[in-house]
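The primary structure of each chain is shown beneath.
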Amino acid sequence: MLHIFCPHCQEYREEDEFHYRGQAHIVRPKDPEALTDEEWGSYLFFRKNPKGIHHELWYHTTGCRQFFNVTRDTVTYKIHESYKIGEQPAVKSEDDLA
Ligand SMILES: [Zn+2]
């Protein structure tokens, strides 16, 4: 069971209160009509699946009902930070943990 810090509620809550919503920091193309079918398909369907540091989008379903991002290690499940949408993570890679 993960204990996740919600940056909106400012408290740790159990994982059951949240829903994972996928990879964080996916930027919608400014002009989708200009993309090839392959580029559009990549934007819609292809996501990273890293071993290690991963930036994830979470939703506080039974709490404040706000979205936020989490930096989590997919090997150890350790959560390094939670931060609001629009903010940048302090931990961008394994190198930031040294
Ligand atoms: Zn919350």
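Here we summarise the structure given alongside this text. (Residues numbered from 1 in each chain as written. Predicted model: local features only at pLDDT ≥ 70, side-chain atom pairs only at ≥ 80, totals over all residues. Heavy atoms only, no water.)

## Regarding the overall build of the protein
Stage number 1. When its secondary structure is counted, the protein shows one helix and six strands.
Stage number 2. Of the regular secondary structure in the protein, the N- to C-terminal order runs β-β-β-α-β-β-β.
Stage number 3. Seen through its C-alpha atoms, the protein measures out along the principal axes to roughly 45 × 35 × 20 Å.
Stage number 4. Relative to its full complement of 98 residues, the protein shows a buried share of 34%.
Stage number 5. Sequence-distant contacts, at least 24 apart, represent 47% of the contacts inside the protein between residues at least 6 apart.
Stage number 6. When the accessible surface of the protein is totalled, it reaches about 6,900 Å², and 49% of it is carbon and sulfur.
Stage number 7. Computing the positive centroid from 12 side-chain charges and the negative centroid from 17, the protein places the two 3 Å apart. (Helix = DSSP H or I, 4+ residues; strand = E, 2+ residues; numbered from the N terminus. Buried < 20%, exposed > 50% of the residue type's maximum accessible area, 1.4 Å probe, protein only. Contact = heavy atoms within 4.5 Å. Areas by Shrake-Rupley, 256 points an atom, 1.4 Å probe, with all protein chains shown as cover. Lys, Arg positive; Asp, Glu negative; His and termini not counted. Charge placed at Lys NZ, Arg CZ, Asp CG, Glu CD.)

## Let's talk about the pairing of strand E1 (residues 3-6)
Stage number 1. The alternating pattern of E1 places Ile-4 and Cys-6 on a buried face, while none of His-3 and Phe-5, on the opposite face, is buried.
Stage number 2. Alignment of E1 against strand E2 (residues 11-14), held across four bridges, turns out to be antiparallel. Looking at the pairing, His-3 lines up with Glu-14 of E2.
Stage number 3. From the end of E1 to the start of E2, which pair antiparallel, there are four residues, and Gln-10 there has a positive phi angle of about 60°. (Pairing = 2+ DSSP bridges.)

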